[in-house]
Amino acid sequence: MKEFFLSTPLRRVITAGVAILLSFGIMVGVLTPLLIFGEDRVISAAVANVFPTATDFEEEHIRYDNEIESLYAVMTDETVAGYLYNVNANGISGQINFYVGLDMTGRVIGIYFPYLDEPVSYGDMTEFNNFIASFTGRTGPFAGVEGAATLAGDISLVGGAHHTCYAVIGGVNAVTEAFNDEFANEAE
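Within every chain, residues take consecutive numbers counted from 1 along the sequence as written. Only residues with pLDDT of at least 70 are given local features in this predicted model, and only at 80 or more are side-chain atom pairs given and counted; all residues enter the totals for whole chains, interfaces and linings. Side-chain calculation: all heavy atoms of the structure are included, whereas hydrogens and water are not.

## Points about the overall build of the protein
Along its length, the protein carries 4 helices and 7 strands. Expressed as a percentage of the 188 residues in the protein, the buried residues total 34%. Per-residue and other accessible areas follow the Shrake-Rupley method at a 1.4 Å probe size, with only the shown protein chains counted as cover for residues. Of the roughly 11,300 Å² of accessible surface on the protein, 57% is carried by carbon and sulfur atoms. Every helix listed is a DSSP run of H or I at least four residues long, and every strand listed is a run of E at least two residues long, numbered separately from the N terminus. To sort residues, take the accessible area from a 1.4 Å probe on protein chains only and compare it with the maximum for the residue type: under 20% means buried, over 50% means exposed, and anything in between is partly exposed.

## Focus on the nonpolar core
To define a nonpolar core, start from buried Ala, Val, Leu, Ile, Met, Phe, Trp, Tyr and Cys residues and group those joined through side-chain atoms within 4.5 Å. If you look at the biggest cluster of nonpolar residues, it comprises 35 residues, and the most contacted ones within it are Tyr-85, Phe-98, Val-100, Ile-111, Phe-131, Phe-135 and Val-172. The element that contributes the greatest number of residues to this core is helix H4 (residues 162-187), accounting for 10 residues. In this structure Val-172 touches Phe-98, Val-100, Val-108, Ile-111, Phe-135 and Phe-142, once residues within four positions along its chain are discounted. Pairs of residues are marked as contacts when any of their non-hydrogen atoms sit within 4.5 Å.

## Structural notes on the pairing of strand E3 (residues 79-91)
Strands are treated as partners if at least two bridges between them are detected by DSSP. Here strand E2 (residues 68-76) runs beside E3; their pairing, made up of 8 bridges, is antiparallel. Paired with Met-75 across the two strands is Val-80, which belongs to E3. Taking the residues between adjacent antiparallel strands as the criterion, E2 and E3 are bridged by 2 residues, where Asp-77 takes a positive phi near 55°. For E3 and strand E4 (residues 94-103), the ladder comprises 10 bridges, and the chain directions are antiparallel. When the sheet's bridge partners are listed, Tyr-83 is paired in E4 with Leu-102. Between E3 and E4, which follow one another and run antiparallel, lie 2 residues.

## Things to note about the packing of aromatic side chains
Side-chain rings of Phe, Tyr and Trp, where Trp is taken by its six-membered ring, are said to pair if the distance between their centres is within 6.5 Å; with planes under 30 degrees apart they count as stacked, over 60 as edge-to-face, and otherwise as tilted. Within this structure, the stated rule accounts for 6 aromatic pairs. Taking the centre distance of 6.3 Å and the plane angle of 55° together, the rings of Tyr-83 and Phe-179 count as tilted. You can see Tyr-83 sitting in strand E3 and its partner Phe-179 sitting in helix H4, a full 96 residues away along the chain. Looking at Tyr-83, the relative accessible area reads 4%, which means it is buried. Centre to centre, the rings of Phe-131 and Phe-135 are 5.4 Å apart; their planes meet at 80°, and the pair counts as edge-to-face. Neither Phe-131 nor Phe-135 differs from the other in exposure class; each is buried.

## Some thoughts on the confidence of the model for the protein
In low-pLDDT segments, the atomic positions of the prediction should not be examined closely. You can read pLDDT as the predictor saying how much it trusts each residue, on a scale of 0 to 100. Summing up the model confidence of the protein, the mean pLDDT is 78 and the portion of residues at 70 or higher is 78%. Of all helices and strands in the protein, the one with the weakest mean pLDDT is helix H1 (residues 2-6) (57), whereas strand E5 (residues 108-112) scores best (92).

## A closer look at unusual backbone geometry
Despite not being glycine, Asp-77 shows a phi value in the positive range, around 55°. On the secondary structure map, Asp-77 appears in the loop between E2 and E3. Positive phi, close to 70°, is recorded for Glu-78, a residue that is not glycine. Locating Glu-78 in the fold gives a position in the loop between E2 and E3. According to the relative accessible area criterion, Glu-78 is exposed, its value standing at 78%.

## Concerning the pattern of salt bridges
Any two side chains of opposite charge can pair, given that their charged atoms come close. Think of a salt bridge as a Lys or Arg side-chain nitrogen and an Asp or Glu carboxyl oxygen that are within 4 Å of each other. Summed over the entire model, instances satisfying the criterion amount to 1 salt bridge. The closest approach of N and O atoms between Arg-107 and Asp-103, which form a salt bridge, is 2.9 Å. The class of Arg-107 is partly exposed, set by a relative accessible area of 38%.

## Points about the sheet that holds E4
Ordered in space as E1-E2-E3-E4-E5, the 5 strands form an open sheet in which the pairing is antiparallel. A single partner strand is all that each edge strand has here, and the edge strands are strand E1 (56-60) and E5. Each neighbouring strand pair of the sheet contributes to a mean axis angle of 25°, computed without reference to strand direction. Here 5 bridges tie E1 to E2, and the two strands are oriented antiparallel to one another. By the bridge assignment, Phe-57 is partnered in E2 with Val-74. Lines fitted to the C-alpha atoms define the axes, with helices restricted to the stretch that makes contact. Angles between their N-to-C directions range from 0 to 180 degrees.

Structural data, given as structure tokens:
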């Protein structure tokens, strides 16, 4: 060790650089599989919550220019039962990540939030859950309304969470539009 400190400055820089690169390589080698494993667990949980009878899923490699991050074909006994879209919308506290499941006709069959970091009060959570459930069984486009929903595409907003509701509605509308562009002909 004494020789290290008595060596030339260039040797010390090279030794420090090698140590940093080795440390970084070890961190990437260990953390990357853990991050991928965590992402797979979230997707598996979303599939299980939205498509309870699903037997498998696979990622479809389609690039979107909107809130949609990724798309998964969900299978039941080797047959595509529907599609699960991963959405990132702009909420009031930052990005809201959620999954939207559509059946083969384009109807919403469920929405899953791995977590929700938006300022929705505990008292409004029941109302927010009702807001999310109001998409089920319906096709878009959707519009947020205050008060009771009267038209087919109307979704009643949660009192203190309009920004969050509009972010979710925008994400679901992006999903239904993407489905219609990509898969509507398969449903006919």
